[in-house]
Amino acid sequence: MSIKAVIAGCGGYLPATVMTNDDLSKLVDTSDEWIRERTGIRERHIAAEDEKTSDLAVKAAEAALAAAGYAPQDIDLIIVATTTPDLTFPSTAAIVQAKLGVAAGAAFDIQAVCTGFIYALSTAEKFIASGQYKRALVIGAETFSRILDWTDRGTCVLFGDGAGAFVLEGMEEAEAGGRGVINSYLRCDGQLVDLLYVDGGVSSTQTTGHVRMQGNKVFREAVNRISEAMEWVAADAGVDIRSVDWVVPHQANERIIRGVVKKLDLEPEQVISTIAGQGNTSAASIPLAYCQAVGDGRIKPGDLVLLEGMGGGLTWGAALLRA
Ligand code: ACO
């Protein structure tokens, strides 16, 4: 009898401060019209000075635990997907473990930039399916505003801060009743590092650095790679991609999402989009969008859901699950 990794609950957290496109137009030469037309973004949330990535992650984790009906003591694995850790070490997951008061098990970070949550979910699913851990917190959390160059209009208008979390629980297949993570697909092409990277780091500059992106080149790569991942993950599971109930994309750009929908002949109504109010929150965007759709009643238990993402590396991937 195999063990399935079932989503027992999810939660999200967005910092209180909202930065609109008009606010940004006071910092750089841009406009609300340009940002909305090119990206679909209207506003994003920015963490307070004293809010760290781990604080956002803890709030999302607490909401996910409450939704699942579990206490921190019930968790034995924490994986945090982040590009903006509190410290170089220890991992943000270790800090989250301490703040939540989880006493047992393992905790580590995963770094795959905007694909981080797909990488983290896939990793947690494998640990749970192996029986090594029983209940995992899988968190995507970012204070991306801290690595933006606020003089570069090509990048600073795109990103926001936030966190989202899943509680993944191991269940015997019969008990799971078809629910749980079904399949995942992870890819990286390190040859494309120059398209999207941070120009600093511990071992190179001893600084944090700032996001550098050749946006139009990333855009050109995005639709094909994301579509490839979504098609593969569905076909490999024997699922017709048009039969999925919901697509929860990484929220990088509304035009990329529309391009994928068109290429795969999906319906725009199948897609969960939060980009207008949140921007690109990197590893947090997929669980934040998923939780919003669970919260407003769109994603229901038993629905077939396809997650996808692409980010620095380049990395890209997809995951298929039954809610
Ligand atoms: N406001 C006004 N004008 C701008 C802005 C801005 N904020 N930013 C760029 N422009 C200008 C450029 O300077 C350029 O002007 P020029 O023609 O005079 O040289 C013009 O707009 C067009 O620039 P492009 O970069 O070609 O614009 P594009 O239509 O490609 O849109 C964007 C830019 C929104 C960044 C788009 O390329 C995009 O979304 N790329 C993908 C981003 C992404 O998916 N990232 C991956 C995930 S992020 C992660 O992994 C961390």
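Rules used throughout
- Residues numbered from 1 in each chain as written.
- Predicted model: local features only at pLDDT ≥ 70, side-chain atom pairs only at ≥ 80, totals over all residues.
- Heavy atoms only, no water.
- Salt bridge = Lys/Arg side-chain N within 4 Å of Asp/Glu carboxyl O.
- Buried < 20%, exposed > 50% of the residue type's maximum accessible area, 1.4 Å probe, protein only.
- Phe/Tyr/Trp six-rings, centres within 6.5 Å; stacked < 30°, edge-to-face > 60°.
- Helix = DSSP H or I, 4+ residues; strand = E, 2+ residues; numbered from the N terminus.
- Lys NZ or Arg CZ within 6 Å of the ring centre and 35° of its normal.
- Pairing = 2+ DSSP bridges.
- Axes fitted to C-alpha atoms, helices over the stretch in contact; angles between N-to-C directions.

> Could you give an account of the pattern of salt bridges, naming the residues involved and the relevant values?
Counted by the stated rule, this structure contains ten salt bridges. The closest approach of N and O atoms between Asp296 and Arg298, which form a salt bridge, is 2.9 Å. For Arg298, a relative accessible area of 27% gives the class partly exposed.

> Which residues make up the packing of aromatic side chains, and what values go with them?
The final tally for this structure, using the stated rule, is six aromatic pairs. Aromatic pair Tyr185 and Trp232: ring centres 4.9 Å apart, planes at 35°, arrangement tilted. Of the two residues, Tyr185 is situated in strand E8 (residues 180–188) and Trp232 in helix H8 (residues 215–236); the sequence distance between them amounts to 47 residues. An aromatic cluster of at least three residues, connected via ring pairs, comprises Phe108, Phe127 and Tyr133. Taking NZ or CZ as reference, Arg135 lies 4.2 Å from the ring centre of Tyr70, over its face. In this structure, Arg225 packs its charged tip against the face of Trp316, placed 4.5 Å from the ring centre.

> Can you lay out the sheet that holds strand E1 (residues 3–13) for me, pointing to particular residues and giving the numbers?
Strand pairing in a sheet is mediated by backbone hydrogen bonds. Such pairs are either parallel or antiparallel. Taken in spatial order, the five strands of this open sheet run E1-E7-E6-E4-E5, and their pairing is mixed. The open sheet has two free edges, formed respectively by E1 and strand E5 (106–110), since each of these has just one partner strand. Direction aside, neighbouring strands of the sheet carry axes that sit 20° apart on average. Examined bridge by bridge, strand E4 (residues 77–81) and E5 share five bridges and lie parallel to one another. Across the sheet, residue Val80 finds its bridge partner in E5, namely Asp109.

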